[in-house]
Amino acid sequence: MSPPRTGPIVILTGAGISKESGLDTFRDADGIWARVNLEDVATPEGFARDPELVQAFYNDRRRGLQSDNVRPNAAHDALARLEAEWADEVFLVTQNIDDLHERAGSRNLLHMHGELLKVRCGACAAVHPWHDNLGAEHDCAACGETGHLRPDIVWFGEMPFGMERIADALDRCALFLSIGTSGTVYPAAGFVAEVERLGQAHTVELNMEASLGATLFRESVLGPATRVVPAYVE
Ligand code: BJW
């Protein structure tokens, strides 16, 4: 099977695409939210209450992401090849904060929930690359303020990044592919409904199991990303 070559493609990815690279999903039985309370670590209120707990949560995940055994898998690779082949036609919107799409070679990519390897200054809003542990002792290179750096990540209640660009791409796409996401978290969970409302695009879900919005897609292929993504896009 391969995608119809009729125009722009928008691809939405979620944690499931990185599962076989060794990174946990959120809502599977062995997922992150089975171990930690999301209100404690993924909300601005949680960060205000206990910044050390939140920094430790992201410090652990930042270390894990940079460990030798976490690498892009066949699904990330297939999407990078698709972009290389179709150039400007492919726009990848990821909810993932890992850098596995970049490492695989994807370039036309938007991290709508931010990036684990970047920090943002709460005092001046500057964003910096960051590969080490982060704590209250660190200062911002842009404004010199100490103790205001936070992971450059979109928590619940915050506005995801790039929404205008995403809305524009959804309006124009001929194919919408959703990969490895449970369809639980908005606004990403609403993208398929938006594309179907406009009616101009084929919509496909590639996922281990049917997502919450599964019935909205015109086509569905269930299975692990490393098998179903290369098979679908090539
Ligand atoms: C495999 C596989 C394999 C497994 N192969 N597949 C009530 C109603 C509606 C909305 C709201 C509401 N109350 C609050 C809201 C808004 C809220 C929200 O949606 N809450 C819901 C939980 C109800 N959303 C927000 O607050 C967002 N902001 C917002 O809405 O701003 C206002 C706005 C208004 C209008 C327009 C625009 C904006 C912000 C959301 C921020 C999410 N942040 C997180 C954590 C930070 C990042 C991090 O720490 O990593 O982002 S939450 C977490 O969930 C993370 C993910 O990106 C996100 C999505 O999860 P994902 O990727 O779908 O993972 P899972 O685990 O859920 O699913 C994995 C899937 O893979 C499963 O289906 C598996 O089967 C599959 N799988 N192995 C293929 N090998």
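Note that the structure is a prediction, hence the values are computed from the model and not measured. (Residues numbered from 1 in each chain as written. Predicted model: local features only at pLDDT ≥ 70, side-chain atom pairs only at ≥ 80, totals over all residues. Heavy atoms only, no water.)

For the protein, the count of helices and strands is nine helices and nine strands. Expected size for 234 residues packed as a compact globule is a radius of gyration near 17 Å; at 18 Å, the protein falls within 12% of this value. Expressed as a percentage of the 234 residues in the protein, the buried residues total 49%. Look at the contacts in the protein between residues 6 or more apart in sequence, and 64% of them connect residues 24 or more apart. Accessible surface, the protein: about 10,900 Å² in total, of which carbon and sulfur atoms supply 52%. Seen as two clouds, the 20 positive and the 35 negative side-chain charges of the protein have centres 2 Å apart. (Helix = DSSP H or I, 4+ residues; strand = E, 2+ residues; numbered from the N terminus. Rg over C-alpha atoms; globule rule 2.2 N^0.38 Å. Buried < 20%, exposed > 50% of the residue type's maximum accessible area, 1.4 Å probe, protein only. Contact = heavy atoms within 4.5 Å. Areas by Shrake-Rupley, 256 points an atom, 1.4 Å probe, with all protein chains shown as cover. Lys, Arg positive; Asp, Glu negative; His and termini not counted. Charge placed at Lys NZ, Arg CZ, Asp CG, Glu CD.)

Another aspect to go through is the site of the ligand. If you check the shell around the ligand, you find 36 residues, and the closest are Arg27, Arg61, Thr181, Ser182 and Tyr186. Residue glutamine 95 places a main-chain N or O atom 3.0 Å away from an oxygen atom belonging to the ligand. Within the contact set of the ligand, an oxygen atom lies 2.7 Å away from a backbone nitrogen or oxygen of tyrosine 186. Isolated, the ligand exposes 1,500 Å² of accessible area, and the fraction of that covered by the protein chains is 77%. Taken together, the elements giving at least two residues each to the shell around the ligand come down to helix 1 (16–19) and helix 4 (51–65). Tallied by class, the residues present in the shell around the ligand amount to 17 nonpolar, 12 polar and seven charged. Split by domain, the residues of the shell around the ligand number at least three in each of domain 1 (1–23 + 71–113 + 159–234) and domain 2 (24–69 + 116–153). (Near = heavy atom within 4 Å. Polar contact = N/O pair within 3.5 Å; in protein donor to acceptor, adjacent residues only side chain to side chain. Nonpolar A, V, L, I, M, F, W, Y, C, P; charged D, E, K, R; others polar. Domains from an automatic or database assignment.)

This brings us to the domain arrangement of the protein. The domains assigned to the protein are domain 1 (1–23 + 71–113 + 159–234) and domain 2 (24–69 + 116–153). Averaged C-alpha coordinates put domain 1 and domain 2 at centres separated by 25 Å. With 18 residues of domain 1 at the contact, the number on the domain 2 side is 16 residues. Of the roughly 1,300 Å² buried between domain 1 and domain 2, counting both surfaces, carbon and sulfur atoms make up 54%. The largest contributions to the domain 1 side of the interface with domain 2 come from Lys19, Leu23 and Ile97, which together make up 40% of the buried area. In this structure, the connection of domain 1 to domain 2 is made through one salt bridge. Aspartate 30 serves as the salt-bridge partner of lysine 19, at 2.8 Å between the closest nitrogen and oxygen. The interface formed by domain 1 and domain 2 contains four residue pairs in polar contact (both at pLDDT 80 or more). At the level of secondary structure, the elements contributing two or more residues to the side of domain 1 that touches domain 2 comprise helix 1 and helix 6 (100–104). Counted by class, the side of domain 1 that touches domain 2 contains six nonpolar, six polar and six charged residues. (Buried area = accessible area lost by both parts, 1.4 Å probe. Salt bridge = Lys/Arg side-chain N within 4 Å of Asp/Glu carboxyl O.)

The element strand 4 (residues 114–121) is extensively covered by neighbouring structure, given that seven of its eight residues are classed as buried. Here strand 4 pairs with strand 6 (residues 149–153) via five bridges, running antiparallel. Looking across to strand 6, one finds that arginine 120 is bridged to arginine 150. Pairing geometry for strand 4 and strand 5 (residues 127–129), over three bridges, is antiparallel. Each residue of the ladder has a partner; that of valine 119, found in strand 5, is histidine 128. (Pairing = 2+ DSSP bridges.)

Strand order across the open sheet formed by three strands is 5-4-6, with antiparallel pairing between neighbours. Edge positions in the sheet fall to strand 5 and strand 6, since each has one partner strand and no second. If you compare each strand with its neighbour and ignore which way they point, the axes differ by 45° on average. (Axes fitted to C-alpha atoms, helices over the stretch in contact; angles between N-to-C directions.)

This paragraph deals with the packing of helix 7 (residues 163–172) against helix 8 (residues 191–198). When two helices pack together, their arrangement is given by the angle between the helix axes and the distance between those axes. Packing of helix 7 against helix 8 leaves a shortest axis separation of 9 Å and a crossing angle of 40°. In terms of axis orientation, helix 7 runs oblique to helix 8. Crossing angle aside, the handedness with which helix 7 passes helix 8 is right-handed. Across the interface between the two elements, Met163, Ile166, Leu170 and Asp171 from helix 7 touch Phe191, Glu194, Val195 and Leu198 from helix 8. Class assignment for the residues of the contact of helix 7 with helix 8 results in six nonpolar, no polar and two charged. (Parallel < 35°, antiparallel > 145°, perpendicular 65-115°, else oblique. Left-handed = near helix turned anticlockwise from the far one by under 90°.)

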